[in-house]
Amino acid sequence: MLKKSLLIGLAAGLAMVTTAFAADPIKIVYIGKNTGNPYFDSITGGFEDACKEKGCEFEFVAPATAEATSQIPFIEAQIQRGVNVIGIAPNSPDALNQVLDDARAKGILVLTVNGDLVGNESHRDATILPVDFTKTGPNQVELMGSLIGYKGEIAILSATTEAPDQNTWIAAMNDTLANDAKYKDMKLVATVYGDDQPEKSTTEMEALLANYPNLVGVIAPTTVGIAAAAQVVQQRGIADKVHVTGLGLPSEMRDFIKDGTVKAFQLWSPYNEGWLAVHFALGVLDGSIKNEVGASFDVPNLGKVTIADKNAMIAQPELTTFDASNIDNFNF
Amino acid sequence: MSAVLNFLIRRREAGIFVMIVLFCLFVGVQKPQFLTLDSLRIVLLLTPLIMIGAMGQMMVIVARHVDLSIGSILGLSAMVSGMMFRYMPDMPWFLCFPLSIGTGMLLGFVNGLLITTFRLPAIIVTLGTLNLYRGLTFIISNAKQIDRQYVPSILKSMSQPSPTLAVPLIIFLSFAIAVATYWFLMHTRIGRQIFALGSNPVAAPLRGINVTQVTLLVFTLSGALSGLAGIMYASRWGFVNPSNTGAGFEFQVIAAVVIGGVSINGGVGTVLGTVLGVLLLGCVGAALPLLGIPGTTQNAIYGSVILVALLIDRLVRAQGNRGVTQRAGASS
């Protein structure tokens, strides 16, 4: 009897706690790959602005290093804090499965933002990717071609040899160069890896110039690599001979665009990912958006977003190209 | 021939010099462009930070200690100046020198204080401060990178070939530091005391050496030089990142110092040897990408070069000792 009333009391207490929670604003957290990475400042900006507008609580946390397991304690802490939504840029496609399952068992909506659990999609509710990654490679080749008149020797300066995104794009670049007749006069002579370190990227770039004197272009599909390559070209004063392009952050590339070292480069807007993630999460939580493949919904400033295969959404269809005419419009 | 051999045995520096020449010739045979002035410039541009750090580390190791925290001191000192550039752009840019060097001095002094006051081993204390100082860098910067646009152009131009000198200023600066270190160690009383302390810490106080003072001094100097290297980092790469800047610096520097013949047992070492050790690392760093060796194997080769250098040194020394014993035997 005593036991029963205790249970009832407990249940009543729980119910009160739950209603108290419901009255609170929705808590959203975004867990980045690592701290000190300017790229995530921009994604976070999108989260913050959307939360300000929609009245939710937002927090950004990230481990010091981007190791496979370093995000686990952060996810555990957020589960204990009782957040409603966890957005995460996973550092590993499989190391987080267990802890993300724990989060979802507690009713937390888990979204991967800016990278997915490839092969382990069942451990998250949906994914938000910056852009249609199948177009990144071809877009970059086209930009390079337009800079060099579709003719000459080019090279690729990438991140680490095992970087999954870069390797997907590089494979697509090779494919585009080999199969599209438009690019038949462009010859890819080397693919090198600067490990996303400025020093190593610089020596690799210097080695490219020494080994291939006829080089007319370098594609660096990584923010550290493109800045390092641009710096080498700037210091040598060879911008009219060797064109550097790739994927870069406007904040890091602004000076190189202004002094003409780099004519144009590309990226998506990481900001849009955070913006979309908040609108999607709030919609799912209040029932106005169904998290089902094929469903679609409208997002202010982005237009109609459709949930594609494996519950994937993209924040913008094509890469944005930055050049002297528009670089000042972007502050990330 | 035997005279040459004798010289090599007696002069450790000559051995390293021969290794550098042989290595460059070996690379030059396969890649003739390595034996050009342009490559010399690349090698020299790889070395200034390591050179400055190595001078401080050399003094610490000669005193029979080690300083693992220099990479974090570099990062924190660079960040302090970076934040001045970003948040107080009206301050004269050259204040970054006293600011960063002062920060480095303070952090090095704290290392020395912990080691002398509590009689703790330097390797443990500096392992602790390596993490502490890196953490502080994240805290004061709010984990935000100082982007290229904030670093003053005049500071960045110090790493670029000047019209009058053709050689970037930071290269001169690093050699000037080496010369100053040579003078300090060889021609001042306290410089000689560092050697005396390292060769026999037990006997040092009996000879009237203030062990606490000398220990504090070497760590403070090592910190000050790491602070200067922090400014040089901002100059060379144009940005300051809380997690990347200075990461792994201690390994390169200790490797250069040890290759240069500074004994990890204290009391033995020359500035010339250390300079040559730095140059050998620079040559290897520039040559590997030129040879087209993939990044995945570069680390292994880099590590092997360090071990081979140490091994050759050990063999040569054993040979030398035998020679000395034999001569001693003959004369008796």
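Residues numbered from 1 in each chain as written. Chains lettered and ligands numbered in written order. Predicted model: local features only at pLDDT ≥ 70, side-chain atom pairs only at ≥ 80, totals over all residues.

If you look at the interface, chain B gives 23 residues, while chain A gives 23 residues. Elements with a minimum of two residues in the side of chain B that touches chain A: helix H3 (37-46), helix H13 (271-290) and helix H14 (295-331) of chain B. (Contact = placed C-beta atoms within 7 Å. Helix = DSSP H or I, 4+ residues; strand = E, 2+ residues; numbered from the N terminus.)

We now examine the sheet that holds strand S1 (residues 27-31) of chain A. Residues and elements named next belong to chain A. Pairing is parallel in the open sheet, where 6 strands are placed in the order S2-S1-S3-S4-S5-S13. Every other strand in the sheet has two partners, leaving strand S2 (57-61) and strand S13 (312-316) as the edge strands with one partner each. Along the sheet, successive strands turn relative to each other by an average axial angle of 20°, direction set aside. Summarising the sheet, S1 and strand S3 (residues 85-88) pair through 4 bridges and their orientation is parallel. The residue bridging Ile-31 from the neighbouring strand is Ile-88, located in S3. (Pairing = 2+ DSSP bridges. Axes fitted to C-alpha atoms, helices over the stretch in contact; angles between N-to-C directions.)

Here helix H10 (residues 270-286) of chain A spans 25 Å end to end across 17 residues, near enough to the 24 Å set by a 1.5 Å rise per residue. Phi turns positive one or two residues past the end of H10 of chain A, at Gly-287 of chain A, with a value near 85°. (Expected span 1.5 Å × (residues − 1).)

To continue, consider the sheet that holds strand S9 (residues 243-246) of chain A. Residue and element names in this part refer to chain A. Pairing is parallel across the open sheet formed by 4 strands, whose spatial order is S7-S6-S8-S9. The open sheet has two edge strands with one neighbour each: strand S7 (186-193) and S9. In this sheet, neighbouring strand axes are inclined to one another by 25° on average, regardless of whether the strands run parallel or antiparallel. Pairing between strand S6 (residues 152-158) and S7: 7 bridges, direction parallel. Residue pairing in the sheet places Ala-155 in a bridge with Ala-190 of S7.

So, about the nonpolar core. By size, the foremost hydrophobic cluster in this structure holds 185 residues, and its most contacted members are Ile-28, Ile-86, Val-218, Ala-229 and Val-278 of chain A. The element best represented in this core is helix H11 (residues 211-237) of chain B, accounting for 14 residues. Counting residues domain by domain, this core receives three or more from each of domain 1 (14-124 + 270-316) and domain 2 (134-267) of chain A. If we ignore the near neighbours within four places in the chain, the residues touching Ala-229 of chain A are Leu-157, Ser-201, Met-205, Val-218, Ala-220 and Val-244 of chain A. (Core = buried A, V, L, I, M, F, W, Y, C linked by C-beta atoms within 7 Å. Buried ≥ 20, exposed ≤ 12 C-beta atoms within 10 Å, placed from the backbone. Domains from an automatic or database assignment.)

The side chains of a regular strand alternate between both faces of the sheet. Residues and elements named next belong to chain A. With 4 bridges connecting them, strand S11 (residues 296-299) and strand S12 (residues 303-306) associate as antiparallel partners. Residue pairing across strands places Asp-298 opposite Lys-304, the latter belonging to S12. With antiparallel pairing between neighbouring strands as the criterion, S11 and S12 make up a hairpin whose turn holds 3 residues, including Asn-301 at a positive phi of roughly 75°.

All right, on to the confidence of the model for chain B then. Residues and elements named next belong to chain B. Considering every residue of chain B, the mean pLDDT works out to 89; 92% of them sit at 70 or more. For chain B, the element scoring lowest by mean pLDDT is helix H1 (residues 2-10), at 62; helix H6 (residues 96-118) scores highest, at 98. Every residue in residues 327-332 scores below 50 in pLDDT, and together they form 0 contacts with partners more than four places removed in sequence or on other chains. The ipTM for the predicted assembly is 0.80, set against a pTM of 0.83. (pLDDT = per-residue confidence, 0-100.)

What follows deals with the domain arrangement of chain A. Considered domain by domain, chain A is made up of domain 1 (14-124 + 270-316) and domain 2 (134-267). The straight-line distance from the C-alpha centre of domain 1 of chain A to that of domain 2 of chain A is 32 Å.

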